[in-house]
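Survey of secondary and tertiary structure
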Amino acid sequence: MKIKNICCIGAGYVGGPTMAVLALKNPDINITIVDINEARIAAWNDNDLNNLPIYEPGLKEVVQEARGRNLFFSTEVEKAIDEAEMIFISVNTPTKTYGKGKGMAADLKYIELSARQIAKVATTDKIVVEKSTLPVRTAQAIKNILDHTGNGVKFQILSNPEFLAEGTAVQDLLNPDRVLIGGENSKEGNETINALVDIYATWIPKEQILTTNLWSSELSKLVANAFLAQRVSSINAISELCEVTGADVSEVSKAIGMDSRIGPKFLKASVGFGGSCFQKDILNLVYIAKSYGLNEVADYWEQVIIMNDHQKNRFAENIVSKLYNTVSGKKITFLGWAFKKDTNDTRESAAIYVADALLNEEAEITVYDPKVSEERIYEDLDYLNTRSPEENRRLLKVVMEPYHACEKAHAVAILTEWDEFVEYDWENIYTSVIKPAFVFDGRRILDGQFMKDIGFQYDAIGVSILNNI
Ligand SMILES: NC(=O)C1=CN([C@@H]2O[C@H](COP(=O)(O)OP(=O)(O)OC[C@H]3O[C@@H](n4cnc5c(N)ncnc54)[C@H](O)[C@@H]3O)[C@@H](O)[C@H]2O)C=CC1
Ligand SMILES: O=C(O)[C@H]1O[C@H](OP(=O)(O)OP(=O)(O)OC[C@H]2O[C@@H](n3ccc(=O)[nH]c3=O)[C@H](O)[C@@H]2O)[C@H](O)[C@@H](O)[C@@H]1O
């Protein structure tokens, strides 16, 4: 089965980069990415590639090569569905904010809408690929909708979860550790799986393309994120222990990471993990476990989230406590707002929650982030509904120049590990801030001794207060 036309519903952080690379590597397949968000599609089509809606290193170049050749961005959802033999669903699946499962379960309304739209439009057989991260057994629901509301055409469902990380999306797509494809265990199912394997095999060695049944594939995605987040919460738990015992969490990470059974990755202590998926996917896993009555399993994974919330809270509390137990009216400068470096994405960023906690203490916050807009920062804060939008704008300012942002600050807090923060002229910054000059390094990126030699009271996640005095 040779695929000639692909449609992807959802032009977001996953749909955009994933399909751009698929198009780059398969010039003979036409790929149309559709979205109901007109502004987003317009940005993807912008002549100036600096205006793409997503910032990812290397993405501009890929889009430049493929766009207009065999990669298209459009708001004509039905037309693209109609023309495609294979349809990827890459819409958002956020945590539910209402009704049953509120705050835990994945909200599948955009998935269901996409399935219903495919069923309505399809007049020829289609392969529907789950690219979004979904609760295990969602393929069953999609199949029911397609088979019972469609026009009598045949549908095959595949699960093909995405493992890219933001900030390294293009590299992750070009050189993935593995591609996972789950499908039905039948003759038609195997043919469908092979059609998708062939598309990836144009640049990925076949041994790295893993095929499984649908449920293993759906569940593996949630489990991968849960394991990754668990490592971050585990090292963050140890960072607190380091701070009271004189151990240094970077040294502990290195020491344990050299054990090949543990490995060195994902052992960087931080102000807490953020991003659109870790929390959402673990909450989803916890909800699924609870819905099967597996309470011990649910509690085990929930602890990863509890630890992460604790890490964000204690970072904020530490700032208040070190600034003589009050930050009221004090200027605190945040370097970084994105949930990690090399992305403009701020979803669930630790910075949002640390800012909220400090604003509750009447701090005055100034934020500088090299890639995040002022508008986005206010939207993130307003979304919490802790105080009025006017109050957020009065207490928090966004400054687009880092040295200016730091002037007359009572403390500088590093919330994102942007490389440029390490390169700053910290001696210069020292002269412009209020003394004693405090730096709270939530990412452990600066050289502590150098900062102390300049004169800063340098405080970092996972470094003992015993060494700071
Ligand atoms: N962001 C990431 O790094 C990763 C995300 N994922 C998963 O991929 C999925 C998508 O995530 P993102 O791309 O980050 O979300 P996103 O919010 O950036 O993009 C989703 C897009 O789908 C569009 N959409 C929603 N309903 C639609 C409909 N009925 N018709 C047309 N367009 C529609 C939205 O307008 C939005 O632009 C989620 O399930 C997420 O868990 C998986 C791996 C990595
Ligand atoms: O499903 C998803 O959305 C994606 O979620 C994560 O990717 P992402 O959230 O983009 O970024 P990560 O690099 O995983 O970082 C997540 C958070 O953990 C933090 N982190 C990561 C690693 C570490 O050692 N320490 C640490 O604090 C990061 O700063 C960031 O806030 C996974 O790494 C991807 O494989 C997955 O596809």
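Fair warning: this is a prediction, and the values are worked out from it, not measured in the lab. (Residues numbered from 1 in each chain as written. Chains lettered and ligands numbered in written order. Predicted model: local features only at pLDDT ≥ 70, side-chain atom pairs only at ≥ 80, totals over all residues. Heavy atoms only, no water.)

Some details on the packing of aromatic side chains
Given two aromatic rings, their pairing is described by the distance between the two centres and the angle made by the two planes. Counting across every chain of the model gives 15 aromatic pairs. Pairing Phe227 with Trp301 gives two aromatic rings, centres 5.6 Å apart and planes at 35 degrees, and the pair type is tilted. Taken together, the residues Phe227 in helix α9 (residues 214–245) and Trp301 in helix α12 (residues 295–322) connect sequence positions 74 residues apart. Judged by relative accessible area, Phe227 falls into the partly exposed class, the value being 46%. On the numbers, 6.1 Å between centres and 75 degrees between planes, the contact of Tyr324 with Phe438 is edge-to-face. Placement of the pair is Tyr324 in the loop between α12 and β9 (331–335) and Phe438 in strand β13 (residues 438–441), with a sequence separation of 114 residues. Classification of Tyr324 by relative accessible area gives exposed; the value is 55%. Through successive ring pairs, a cluster of aromatic residues spans Tyr368, Tyr403, Phe421, Tyr424, Trp426, Tyr430 and Phe456. Sitting over the face of the ring of Phe163, Arg178 holds its NZ or CZ atom 3.6 Å from the ring centroid. (Phe/Tyr/Trp six-rings, centres within 6.5 Å; stacked < 30°, edge-to-face > 60°. Helix = DSSP H or I, 4+ residues; strand = E, 2+ residues; numbered from the N terminus. Buried < 20%, exposed > 50% of the residue type's maximum accessible area, 1.4 Å probe, protein only. Lys NZ or Arg CZ within 6 Å of the ring centre and 35° of its normal.)

What to know about the nonpolar core
By size, the foremost hydrophobic cluster in this structure holds 63 residues, and its most contacted members are Phe334, Trp337, Leu358, Leu396 and Trp426. Take this core: its biggest share by element is seven residues, from helix α13 (residues 350–360). Ignoring any residue separated from it by four or fewer positions in sequence, one finds Phe334 in contact with Ala351, Val354, Ala355, Leu358, Ile365, Thr366, Val367, Tyr368, Ala413 and Leu415. Ranked by size, the runner-up nonpolar core spans 45 residues in total, among them Leu49, Phe88, Val129 and Leu173. (Core = buried A, V, L, I, M, F, W, Y, C linked by side-chain atoms within 4.5 Å. Contact = heavy atoms within 4.5 Å.)

Structural notes on α12
Its 28 residues give α12 an end-to-end C-alpha distance of 39 Å, which sits within 8% of 40 Å, the value for a rise of 1.5 Å per residue. Just past α12, the residue Tyr324 takes up positive phi, approximately 60 degrees. (Expected span 1.5 Å × (residues − 1).)

Structural notes on the site of ligand 2
Taken together, 20 residues surround ligand 2, and among them Phe163, Leu164, Ser270, Cys277 and Arg443 come closest. Within the backbone of Leu164, one N or O atom sits 2.6 Å away from an oxygen atom of ligand 2. When ligand 2 sits alone it has 700 Å² of accessible area, and the protein chains cover 89% of it. Of all the elements, α9 adds the most residues to the shell around ligand 2, at four residues. (Near = heavy atom within 4 Å. Polar contact = N/O pair within 3.5 Å; in protein donor to acceptor, adjacent residues only side chain to side chain. Areas by Shrake-Rupley, 256 points an atom, 1.4 Å probe, with all protein chains shown as cover.)

Let's talk about the pattern of salt bridges
A pair can form between side chains of opposite charge whenever their charged atoms are brought close. Scanning the entire structure with this criterion turns up 26 salt bridges. With a shortest N-O distance of 3.5 Å, Lys312 and Asp309 are connected by a salt bridge. Of this pair, Lys312 and Asp309 are both found in helix α12, three residues apart, which corresponds to roughly one turn of the helix. Classification of Asp309 by relative accessible area gives partly exposed; the value is 31%. Taken together, the shared-partner salt bridges connect Glu166, Asp345 and Arg347 into one network. (Salt bridge = Lys/Arg side-chain N within 4 Å of Asp/Glu carboxyl O.)

Considerations on unusual backbone geometry
Of note, the bond from Lys435 into Pro436 is cis; its omega dihedral lies within 30 degrees of zero at -10 degrees. Mapped onto the elements, Pro436 comes out in the loop between α18 (426–432) and β13. Notably, Phe266 is not glycine yet its phi reads approximately 60 degrees, a positive angle. Following the sequence through the fold, Phe266 ends up in the loop between α10 (249–257) and α11 (278–291). A relative accessible area of 39% means that Phe266 is categorised as partly exposed. The residue Glu362 is not glycine, and still its phi comes out positive at about 65 degrees.

A look at the domain arrangement of the protein chain
Domain boundaries in the protein chain define domain 1 (5–204) and domain 2 (228–460). The straight-line distance from the C-alpha centre of domain 1 to that of domain 2 is 32 Å. Across the boundary between the two partners, domain 1 contributes 23 residues, which contact 20 residues of domain 2. When domain 1 packs against domain 2, the two sides together hide about 1600 Å² of surface, and 54% of this comes from carbon and sulfur. The three residues of domain 1 that bury the most area against domain 2 are Tyr55, Met104 and Glu166, which together make up 42% of that side's buried surface. Where domain 1 packs against domain 2, one counts one salt bridge. For the salt bridge of Glu166 with Arg347, the shortest nitrogen-to-oxygen distance reads 3.6 Å. (Domains from an automatic or database assignment. Buried area = accessible area lost by both parts, 1.4 Å probe.)

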